[in-house]
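# Structural features, examined
Read off the chains here:
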Amino acid sequence: LSATVGNAEDFGAWLTSVRGPTRVVVETHRPVTLHHHYALAERGRDGLTVLPLLTDGRPNREGMALDERRRRNPRHRLRAPRRTEVAEYLAANGMLPAITFIFSRAACDDATQQCLRDGLRLTSSEERGRIREMTEAAVEGLSDDDLRTLGYGPWSAALEAGIAPHHAGLVPAFRQAVESCFSAGLLKVVFATETLALGINMPARTVVVERFAKFRGSETSPLTSGEYQQLTGRAGRRGIDTVGHAMILYSAATTFTTVARIAAARPPDLRSSFHPTYNLAVNLVRRWSQEEAHDLLRSSYGQWQASPGSVSLPAQLDRRLAVLGSRGYVDGWRLTEAGAGLAAIYHECDLLVAEGLRHGLFDGLSPSRLAGVVSGVTFEARRREDEPPLPRDRVSAERLAALAGLAQDLRAEERGHGLPRTRRPDPGLARSVTRWAEGGLLSSVLADCEVAPGDFVRNVRQLIDLLRQLAQVAPSPPTAEAAELAVVLLRRGVVAANDPAVRGSATDPAPRP
């Protein structure tokens, strides 16, 4: 397994049930020993106090005494270490390079600039030269206007000092430059959100967790044992370090005892999140008999873990098929022509996309306007306080409103069948996407929306993926051609830069069968 899990035996038992005798091998030894630390400071004093977080696998009593000190004296002088103090401590004790996890994009950027303002410089002149070469190579596909808009100057200055932010709000060219420089041993401190701990091969000698609490939409709570293990899994480079370090910084929001107990807790169980989708439903109908499809779902790990009394996965499939049957995508256990089209749409709003096609909402639009309308199903704002800006042209606005109406009808039917409801369309990126497809400058495009540059690139790439699918399944040839051309118009500048999908014939549209 790719991560430590607490229920490996249960997972092995399920594999045995579907694949035959399976032997589970559990390895608890970490290739690089991990030392857990707790760092704090006192108001009016410089420097850090660093304690072992655990002793013999249990919370350190010296640290637990801090909790008692805080309880007895609310006016205690304990404080969180400053970022520059932490970096200097790590440098002095041979604990760099380090990744500091901060659960805020803006805080990652602020931390980087704060260290620069404090005069922190962690690189030699030779390292600065190599960093300059690597960053310039990473952004060679971007225009001067793009680089100004993205703040290339301050960002590259930070990298040359050995400090960098890393989060999804940065464009891929910037993130990949940080990853390359860090992997080459040139960057010493990276301030990152938790997305870096998921699927990116970027180990460090030390991982610092700035705050042990995380905001979860409506409330703040401590990290789970699984989250802690995911973050600290980056500490200790195999074949380079003899030990790795995890350092948790003092915070008034979380006690030492809470941090230590979570750090020492057993790993979380692996849980299946599998549920049938509309696309899966029509593909099961296409390939299997009804009995075979139900058997496949009954043998899934999701069904293995299902609690007594919950709706079974075969029943969930049947509910999906009831919705599809009422809308003409299946006829009994047989696909209709519309169902065959749905079978080729792979998206979380798969049925809504298919319904938009059937109702002609994507027909008769220019490529740029088509991109704007389709972005309604691919975009979802991270947060929103005001109403999103709608496209300025009447036709696009009407199509998006009609798409929202289809979603409302679908959601009502899903509610009646006890199904998770399809996400509502979000028109918040439509105006910017349309302008980008029309050749607008990045600066003016980003001014039209409330998304970070990296979010814009990611959303446009997701839109491109769906447009390529529409080019294959749209029953109207002009609509298919418009989707193909929209892909060409969108795939430029920051969207195309550092995208493996466009190396080679970047502007060639997908061929129609």
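Use the structure listed above.
Before going into details, it helps to say that this report is about the structure given with it. (Residues numbered from 1 in each chain as written. Predicted model: local features only at pLDDT ≥ 70, side-chain atom pairs only at ≥ 80, totals over all residues. Heavy atoms only, no water.)

## Looking at the nonpolar core
Grouped together as the largest cluster of nonpolar side chains are 118 residues, with contacts concentrated most on Leu53, Leu324, Phe362, Phe456, Leu467 and Leu490. Other than its neighbours up to four places away in sequence, Leu324 contacts Tyr278, Ala281, Val282, Tyr329, Val330, Leu342 and Leu351. Counting residues in each nonpolar core, the second largest holds 25 residues, with Ile102, Leu120, Ile163 and Leu249 among its members. (Core = buried A, V, L, I, M, F, W, Y, C linked by side-chain atoms within 4.5 Å. Buried < 20%, exposed > 50% of the residue type's maximum accessible area, 1.4 Å probe, protein only. Contact = heavy atoms within 4.5 Å.)

## Remarks on the packing of aromatic side chains
Under the definition given, this model contains nine aromatic pairs. Each ring, one from Tyr152 and one from Trp155, has its centre 5.8 Å from the other, and the planes form 45 degrees; the classification is tilted. Here Tyr152 and its partner Trp155 are both found in helix H7 (residues 152-160), three residues apart, which amounts to about one turn of the helix. Note on accessibility: Tyr152 and Trp155 belong to one class, buried. On the numbers, 5.7 Å between centres and 80 degrees between planes, the contact of Trp436 with Phe456 is edge-to-face. Taken together, the positions of Trp436 in helix H19 (residues 430-437) and Phe456 in helix H21 (residues 453-473) put the pair 20 residues apart, joining distant regions of the chain. The exposure class of Phe456 is buried, given its relative accessible area of 0%. Aromatic rings pair up to connect Phe11, Trp14 and Tyr301 into one cluster. Geometry around Tyr278 places Arg320 over its ring, the cationic atom sitting 4.5 Å from the centre. (Phe/Tyr/Trp six-rings, centres within 6.5 Å; stacked < 30°, edge-to-face > 60°. Helix = DSSP H or I, 4+ residues; strand = E, 2+ residues; numbered from the N terminus. Lys NZ or Arg CZ within 6 Å of the ring centre and 35° of its normal.)

## Things to note about H19
Taking burial as the measure, the eight residues of H19 include six buried ones, the bulk of the element. What H19 keeps buried is the set Ala430, Ser432, Val433, Thr434, Trp436 and Ala437. Here the buried face of H19 lies against helix H17 (367-378), helix H18 (394-416), helix H20 (442-447), H21, helix H22 (477-490) and helix H23 (493-496). Count one or two residues on from H19 and you reach Gly439, which has phi positive near 95 degrees.

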